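# Secondary and tertiary structure notes
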Amino acid sequence: MSIEKLIKDCRKQDLMSQEKLYHLFSHKLFAVSLKYSRNYAEAEDNLQDAFITIFQKMEQFRFKGSFEGWMKRIVINTALQRYRKQHVFEIVNEESIEQPEVELDEQSIPLKFLLQIIQELPDRYRMVFNLYALDGYSHKEIAETMSISAGTSKSNLARARAILKHKVEESQKKNNVQSI
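Quantities reported herein were computed from a predicted structural model and do not represent experimental measurements.

Let us look at helix 2 (residues 15–35). Its 21 residues give helix 2 an end-to-end C-alpha distance of 28 Å, which sits within 8% of 30 Å, the value for a rise of 1.5 Å per residue. Roughly 55° is the biggest bend found in helix 2, and it falls at S26. Listed in full, the buried residues belonging to helix 2 are S17, Q18, L21, F25, S26, L29, F30, V32 and S33. As for helix 2, its buried residues are in contact with helix 1 (3–11), helix 3 (40–56) and helix 4 (67–85).

Below is the structure:
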């Protein structure tokens, strides 16, 4: 079955087609959800809410551009809406923030550790970091998406990088001490 036929059947509220679509994309979209969530359980909740929205708004997809990209956007927006409701985004004075220089030996940092420390970031910092560093959004796009200023986006990114740098440096120090 083609993706176009699957979408059309989902629009008709065909439960079998919705189930097929879920199984076809749930793993990829869960990875996106996990980037924007504090933990595994929250990522599952965000994915569930996102799929409900996807099925409700299926008529809005116009077969222009990537269907997977359209769904990823919904997953990201679902996570952002949850945090907006919790009021985790705050305005900060961007002039008081310095951009840290981050130089890391990427070969020595396990991916699992990086994902863990990214998930441990405060919500607003994790959201901005993911949108900017992992998904390629500009500060202007982040500002519009999160209803913050571009300067706040820049300062949140700088703070996220500083926290990540500190945690990586701590981990590397521990590893160096243990190897002696």
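Counted as a void, the second largest pocket has a volume near 150 Å³. Lining the second largest pocket we find Y22, S26, H27, F30, Y40, E44, L47 and Q48. At the level of secondary structure, the elements contributing two or more residues to the lining of the second largest pocket comprise helix 2 and helix 3. Taken together, the residues of the lining of the second largest pocket sort by class into four nonpolar, three polar and one charged.

Criteria and thresholds
- Residues numbered from 1 in each chain as written.
- Predicted model: local features only at pLDDT ≥ 70, side-chain atom pairs only at ≥ 80, totals over all residues.
- Heavy atoms only, no water.
- Helix = DSSP H or I, 4+ residues; strand = E, 2+ residues; numbered from the N terminus.
- Expected span 1.5 Å × (residues − 1).
- Bend = angle between axes of the 7 residues up to and from the residue.
- Buried < 20%, exposed > 50% of the residue type's maximum accessible area, 1.4 Å probe, protein only.
- Contact = heavy atoms within 4.5 Å.
- 1 Å grid on protein atoms, 1.4 Å probe; cavity = no way out; pocket = protein on both sides within 12 Å on 5 of 7 lines; lining within 4 Å.
- Points joined across faces, edges and corners; volume = space filled by probe spheres on them.
- Nonpolar A, V, L, I, M, F, W, Y, C, P; charged D, E, K, R; others polar.

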